Amino acid sequence: MDKNVLGTPLISCCLEPKTGYYRDGFCNTGIDDTGKHVVCAIMTEEFLQFSKSKGNDLITPMPFYQFPGLKAGDKWCLCVSRWKEAYLKGVAPPVLLEATHEKALKYVSFESLLEHKV
């Protein structure tokens, strides 16, 4: 069973919209997930605009990829590198620690995640 950053069983991030690299609601990762979609975050308008400005539009729906488009308040499994970039710029969205995969800790500190916990 996968663990979260607290060392307990990983819980679902969101089923509506269905998130996760594998679209199973969990921030699981695997060898084919090059972006490491392991941070469960609650979207903010500020973060969505930041991500769009970096070339990753999370607002516009893309049905071909089963992507509904996001709005502020939605939960989503983010690439850990994008969350870290937003953190360093002061626009990181809040994080659900229980639904954030422990592999996030290879890239960001627990303290930085804790600063933004829900």
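Our structure's up above, just so we're on the same page.
Below is a short write-up of the structure. (Residues numbered from 1 in each chain as written. Predicted model: local features only at pLDDT ≥ 70, side-chain atom pairs only at ≥ 80, totals over all residues. Heavy atoms only, no water.)

1. Remarks on the overall build of the protein chain
Logical step 1: Of the regular secondary structure elements, the protein chain holds three helices and two strands.
Logical step 2: Along the protein chain, from the amino end to the carboxyl end, the secondary structure elements read β-α-β-α-α.
Logical step 3: Scaling as 2.2 N^0.38, a compact globule of 118 residues should have a C-alpha radius of gyration of about 13 Å, and the protein chain matches this with 13 Å.
Logical step 4: The contacts in the protein chain between residues at least 6 apart in sequence include a share of 63% that link residues at least 24 apart.
Logical step 5: Accessible surface for the protein chain amounts to roughly 6400 Å². Of this, 57% is attributable to carbon and sulfur atoms.
Logical step 6: For the protein chain, the distance from the average site of its 14 positive side-chain charges to the average site of its 14 negative ones is 2 Å. (Helix = DSSP H or I, 4+ residues; strand = E, 2+ residues; numbered from the N terminus. Rg over C-alpha atoms; globule rule 2.2 N^0.38 Å. Contact = heavy atoms within 4.5 Å. Areas by Shrake-Rupley, 256 points an atom, 1.4 Å probe, with all protein chains shown as cover. Lys, Arg positive; Asp, Glu negative; His and termini not counted. Charge placed at Lys NZ, Arg CZ, Asp CG, Glu CD.)

2. Description of the pattern of salt bridges
Logical step 1: Per the stated rule, a full pass over the model turns up two salt bridges.
Logical step 2: Between lysine 71 and aspartate 74 there is a salt bridge, and its shortest N-O distance comes to 3.1 Å.
Logical step 3: Residue lysine 71 is classed as exposed on the basis of its relative accessible area of 53%.
Logical step 4: Look at aspartate 74 and you get buried, because its relative accessible area is 11%.
Logical step 5: Arginine 82 is the partner of glutamate 85 in a salt bridge, and the nearest nitrogen-oxygen pair spans 2.6 Å. Of this pair, glutamate 85 and arginine 82 are both found in helix 2 (residues 80–89), three residues apart, which corresponds to roughly one turn of the helix.
Logical step 6: For glutamate 85, a relative accessible area of 27% corresponds to the partly exposed category. (Salt bridge = Lys/Arg side-chain N within 4 Å of Asp/Glu carboxyl O. Buried < 20%, exposed > 50% of the residue type's maximum accessible area, 1.4 Å probe, protein only.)

3. Here's the deal with a nonpolar patch on the surface
Logical step 1: Taken together, Met62, Phe64 and Tyr65 make up a surface patch of nonpolar side chains, about 400 Å² in accessible area.
Logical step 2: You can see methionine 62 is positioned in the loop between helix 1 (45–53) and strand 2 (75–79). (Patch = residues over 30% accessible without salt bridge, like charges linked within 9 Å, V, L, I, M, F, W, Y side chains within 5 Å.)

4. A closer look at the environment of tyrosine 22
Logical step 1: Looking at the element boundaries, tyrosine 22 is found in the segment before strand 1 (37–42).
Logical step 2: Remark: the alpha-carbon pair of tyrosine 22 and aspartate 33, spanning eleven residues in sequence, is separated by 8.9 Å.
Logical step 3: Each residue touching tyrosine 22, except ones within four places of it in the same chain, is listed here: Asn28, Thr29, Gly30 and Asp32.
Logical step 4: Side-chain polar atoms of tyrosine 22 contact the backbone nitrogen of glycine 30, separated by 3.4 Å. (Polar contact = N/O pair within 3.5 Å; in protein donor to acceptor, adjacent residues only side chain to side chain.)

5. What about the nonpolar core?
Logical step 1: In this structure, Val39, Met43, Leu78, Trp83, Ala104 and Leu113 are the most contacted members of the largest nonpolar core, which totals 23 residues.
Logical step 2: Those elements that provide at least two residues to this core are strand 1, helix 1, strand 2 and helix 2.
Logical step 3: Residues in contact with methionine 43, not counting those within four places in the same chain, are Leu48, Leu70, Lys71, Ala72, Gly73, Asp74, Trp76 and Leu78.
Logical step 4: Of all hydrophobic cores here, the second largest spans seven residues; its members include Cys13, Cys40, Ile42 and Leu96. (Core = buried A, V, L, I, M, F, W, Y, C linked by side-chain atoms within 4.5 Å.)

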